[in-house]
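Now for the letters of each chain:
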Amino acid sequence: MSIRTVTFDAVIVGGGGAGMRASLQLAQSGFKTALISKVFPTRSHTVSAQGGITCAIASSDPNDDWRWHMYDTVKGSDYIGDQDAVEYMCSVGPEAVFELEHMGLPFSRTEEGRIYQRPFGGQSKNYGEGGQAARTCAAADRTGHALLHTLYQQNVKHNTQFYSEWLAVELVKNAQGQVCGVIALCIETGEVVFFKSKATVFATGGAGRIYASTTNALINTGDGMGMALRAGVPAQDIEMWQFHPTGIYGAGTLVTEGCRGEGGYLINKDGERFMERYAPNAKDLAGRDVVARSMMMEILDGRGCGPNGDHVLLKLDHLGEEVLHSRLPGICELSKTFAHVDPVKAPVPVVPTCHYMMGGIPANIHGQALRLSAGHDGDDQIIDGLFAVGEVACVSVHGANRLGGNSLLDLVVFGRAAGLHIEDALRQGMTQAEPSTDDIDQAMARMRRWNESDKGDSVTDLRKELQQTMQNHFGVFRKGDLMAEGVKKLADLRERIAGAHLTDKSNAFNTARIEALELDNLLEVAEATAIAAEGRTESRGAHSRYDFPDRDDENWLCHSIYDPLTKQLGKRAVNFAPKTVDTFQPKVRTY
Amino acid sequence: MKVSIYRYNPETDREPWMQDYEVDTGGKDLMVLDVLALIKDRDSSLTYRRSCREGVCGSDGMNINGKNGLACITPLSEVAPGVLEGKKPLVVRPLPGLPVIRDLAVDMTMFYNQYEKVKPYLINETPAPAIERLQTPEDRAKIDGLYECILCACCSTSCPSFWWNPEKFLGPAALLQSYRFLADSRDQATTERLGHLDDPFSLFRCRGIMNCVSVCPKGLNPTKAIGHIRSMLLERAV
């Protein structure tokens, strides 16, 4: 089967913050670049980010220091964030944030005219010794929207070639394991095209839709991670899923940590501010994993709110109408729409909700995707032609738990870094890896399978079952036997999905086909998560086990590496060698 | 309840038609998007766009019982009296005035072209400082109510002037965007921006009908922004 081929120097898959920061860099450099996005870029999930972008720009505190931010991030990661990568992100951060401002991002302002910064969870001054810091740069509570639109505008200005509403279906790699590009499907017409390129950059975001309840957009189906796993690329720390403390009860939509940054706090059914018991110093601004677990403990101990005692309340009314309307206008809107509550008058019902994938494709600070060379504890090996940035990548700056406001920083810093690296590599004569006709044909197999299906279970039913399995077996608290059962259910689901039925075979804007292709990706990410979660026999960051309640630095102060070919879990060393500061040694993590 | 939906598949339909569905909502005040998802569970061929499902991405603008809005933040109780109770049908059509690709998905090329025409990006040729450009909170407040646009096209596709002259009139969304940069103290291209709008159509086709204001799901006011640009153009002329 032969298909049309288009050729580029670089193809970026994903039109969120990371993808558009990378494409902007490359568009400015004049290399032939395409950006493929399954939605029009401003509909990407970055648009939903609310509270802000954390960065030591020294506006709220002139003495702020990126090293303090680095300390917080390493501690927040429960010590499996790579310290060279965290160092890079925190030190380059200010430059990347000022660039965004110069591009026109409408940040909120201080009286001095500088960028407004608010306190967020896990932030400190002076390496945890100087009290709460205010380091999250904000555009009201719509920072992601402001950031995404600004990046889109700059890409328009610099004539980036967009393929909007094209879904990347499969990586094309050759016999040497080099990545040659991607197969993508034009949603509007159904045409399938081979995008051949020297550099393929995955900026495809997370996969929160593997859970039944998530803050994530409906499009967050782990397409990049799914394609990578099918191509034999490993997943790192994929068991690490962040449950955001404040998803609106029932709807799952997010209310920002900035609510607590501005002075809001959580209460149980007795009206008690329970975080004082769990985190006496940071209270409601402890790490997200700590707050989410504390909320679940309250609920499990019978102090939850509502007729079923299955949520807690976020109290904001004491902040006053003026603060709420100027600093948190979007939250007021969302609460009224989805919780039927006006935060000016009453507390908002909230529950920990799946929010962020800390794991992903292992990558270095230039965005180059990595695999381990053959053999146990092998060295890092760069995968030729493949890059990963943003949520789909695991650099790893978030380790076992991401701090609020660090995801937007991650996007722009590493989107930019990958762009700079590729620009440089292209100048030095980066070559195109050539695929054979068979290699391309192989990448079409999945499309064919769905197109030829004539019986089997429905995509919708299978998706719901998968999401419920992940929700029940791999939630905030985990347990060995329950997870083993979950792994079995997923193996069964894999068989049924392989025989599932796509009823609508039409070409024009066929969203049924898109949902079928997404289901394959959800399954890959779900299974990797399940096997990695069962395999990590300790509790660290967001991964919390009843049967292994303690952190085990002797055995697990390392990344987990899930190999999709063998379905085995290996280990990879964490970097403890930052270039310009002393190593932050692992300590007991309290807030 | 009864739901009536505009259907058109270019591969099989010679012309669009309305399909009626009976949906059991359990009496719950669901969002229109949730109702569409219930239908799509049974009929996977039903086509519409959606992404964030919380009113910030702008994917699911559609015409709901005659009024443009976002399906994900429009509860049945707000569609029209009697809809939630099942006494009146929910009627969903694509945004008017744009070519239909399939069912509720319209071709938004024209809308995006209008957006690009106003140079929707900050223009400032002064070399940037080592930190951010300073802006007072008062100056920053001038772009509140402007930068929040989500490009859902509810406003432009409700505007009769846009229906008549989509090639020449820029439409409320693009004009709001234009004023977002005119009002930004950091932007230096005021003369150039106004120059591009100073013809009988680009801006002056706005007749102040204000459909844009009444449908904007983010509560923005394009008519007011257009009024400000008019004043700037007039001041420039005298």
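Residues numbered from 1 in each chain as written. Chains lettered and ligands numbered in written order. Predicted model: local features only at pLDDT ≥ 70, side-chain atom pairs only at ≥ 80, totals over all residues. Heavy atoms only, no water.

## Considerations on the sheet that holds strand β4 (residues 117-118) of chain A
All names here are of chain A. What counts is decided by this rule: For two strands to pair, DSSP has to find at least two bridges joining them. Secondary structure is summarised from DSSP: a helix means a run of H or I of at least four residues, a strand means a run of E of at least two, and numbering begins at the N terminus for each.
Reading across the sheet, the three strands line up as β3-β5-β4 and stay open at both edges, with antiparallel pairing between neighbours. Where the open sheet ends on each side, the last strands, each with one partner, are β3 (53-54) and β4. In this sheet, strand β5 (residues 136-137) lies alongside β4 in antiparallel orientation, the contact comprising two bridges. What sits directly across from Gln117, in β5, is Cys137.

## Describing the interface of chain B and chain A
Formally: The contact rule is simple, with two residues in contact once any of their heavy atoms fall within 4.5 Å. We define buried area as the total accessible area lost by two parts upon association, computed with a 1.4 Å probe and summed across both. Whenever a carboxyl oxygen of Asp or Glu lies within 4 Å of a side-chain nitrogen of Lys or Arg, that contact is scored as a salt bridge. Two N or O atoms count as a polar contact when they lie within 3.5 Å, although within protein this holds only if one can serve as hydrogen donor and the other as acceptor, and sequence-adjacent residues are included solely when both atoms are side-chain atoms.
Residue-level contacts link 57 residues of chain B with 62 residues of chain A. When chain B packs against chain A, the two sides together hide about 4800 Å² of surface, and 50% of this comes from carbon and sulfur. Contact with chain A buries surface across chain B, with B:Arg53, B:Glu54 and B:Glu132 losing the most and accounting together for 14% of the total. For the interface between chain B and chain A, the tally reads eight salt bridges. The salt bridge involving A:Glu333 is made with B:Lys218; its shortest N-O contact spans 3.2 Å. Applying the counting criterion to the chain B and chain A interface returns 35 residue pairs in polar contact (both at pLDDT 80 or more). When residues of the side of chain B that touches chain A are traced back to their parent elements, those giving at least two are α1 (32-42), β6 (100-102), α3 (109-117), α4 (137-141) and α6 (171-182) of chain B.

## Some words on the pairing of strand β13 (residues 312-315) of chain A
Residues and elements named next belong to chain A. So the rule is basically this: Accessibility here uses a 1.4 Å probe with only protein chains present; expressed as a share of the type maximum, an area under 20% marks a residue as buried, one over 50% as exposed, and anything in between as partly exposed.
Across the two faces of β13 the burial is the same, with Val312 and Leu314 and Leu313 and Lys315 all buried. As paired strands, strand β12 (residues 265-267) and β13 are joined by three bridges and run antiparallel to one another. Bridge pairing in β13 links Tyr265 to Lys315. Looking at chain direction, β13 and strand β14 (residues 348-357) are connected through three bridges and run antiparallel. The residue of β14 that forms the bridge with Val312 is Val350.

## Quick notes on the sheet that holds strand β21 (residues 558-563) of chain A
All names here are of chain A. Pairing is antiparallel across the open sheet formed by three strands, whose spatial order is β10-β21-β22. On the outer flanks of this sheet lie β10 (235-236) and β22 (568-573), each paired with one strand and no other. Alignment of β10 against β21, held across two bridges, turns out to be antiparallel. Its bridge partner being in β21, Ala235 is matched across the sheet by Tyr562.

## Section: the environment of A:Glu321
Structurally, A:Glu321 can be placed in helix α9 (residues 321-327). The spacing of A:Glu321 and A:Lys345 is 24 residues in sequence and 8.8 Å in space, taken between C-alpha atoms.

## Concerning α3(B)
Counting along an α-helix, one turn takes 3.6 residues, and residues three or four places apart therefore face a common direction. Let me state the cut-off plainly: Starting at the helix axis, one direction is taken to each C-beta atom, and the arc is that of these directions.
Taken together, the buried positions of α3(B) are occupied by B:Phe111, B:Tyr112, B:Gln114 and B:Tyr115. Each buried residue of α3(B) sits inside an arc of 155° when the element is viewed along its axis, so together they form one side. Close packing links the buried residues of α3(B) with α4 (143-157) of chain A together with α5 (160-164) and α6 of chain B. Two residues or fewer past α3(B), B:Lys119 is found with a positive phi of approximately 50°.

## Focus on the pattern of salt bridges
Residue and element names in this part refer to chain A. Summed over all chains, the structure comprises 66 salt bridges over all chains. Across the pair Glu262 and Arg118 runs a salt bridge, and its minimum N-O distance is 2.8 Å. On the criterion of sequence distance, the pair formed by Glu262 in the loop between α6 (258-261) and β12 and Arg118 in strand β4 is long-range, its members being 144 residues apart. Comparing Glu262 with Arg118, the two get one shared label, buried. Members of the salt-bridge network, linked through shared partners, are Asp78, Asp237, Glu239, Asp289, Arg293, Arg536, Glu538, Arg540, Arg551, Asp553 and Arg589.

## Observations regarding the domain arrangement of chain B
Residue and element names in this part refer to chain B. Here is the rule: What marks off one domain from the next here is an automatic or database domain assignment. Residues are grouped as follows: Ala, Val, Leu, Ile, Met, Phe, Trp, Tyr, Cys and Pro are nonpolar; Asp, Glu, Lys and Arg are charged; every other residue, Gly included, is polar.
According to the domain assignment, chain B contains domain 1 (2-105) and domain 2 (108-237). Facing the 15 residues of domain 1 at the interface are 15 residues of domain 2. If you look at where domain 1 meets domain 2, you find four residue pairs in polar contact (both at pLDDT 80 or more). Looking at which element gives the most residues to the side of domain 1 that touches domain 2, the answer is strand β4 (residues 67-70), with four residues. Across the side of domain 1 that touches domain 2, the residue classes break down as seven nonpolar, six polar and two charged.

## What to know about empty space enclosed by the protein
Residue and element names in this part refer to chain A. How we decide: Only protein atoms enter the 1 Å grid used here, on which a cavity is any set of points holding a 1.4 Å probe that cannot leave and a pocket is any open set flanked by protein within 12 Å on both sides along at least five of seven lines; residues with an atom within 4 Å of a point are listed as lining. Grid points are joined across faces, edges and corners, and a volume is the space filled by probe spheres set on the points.
On inspection of all chains with the given rule, the structure shows 11 cavities of 30 Å³ or more. Of the volumes computed, that of the largest cavity is approximately 700 Å³. Every residue lining the largest cavity is counted, 49 residues in all, and those nearest its centre are His45, Thr46, Gly205, Asn220 and Glu391. At the level of elements, α1 (17-29), β2 (33-37), β7 (166-173), α5 (223-230), β14 and α11 (406-427) are the ones that each hand at least two residues to the lining of the largest cavity. Split into classes, the residues belonging to the lining of the largest cavity amount to 17 nonpolar, 25 polar and seven charged. Estimated volume of the second largest cavity: approximately 260 Å³. Sorting elements by how many residues they give to the lining of the second largest cavity places helix α16 (residues 511-535) first, with four residues.

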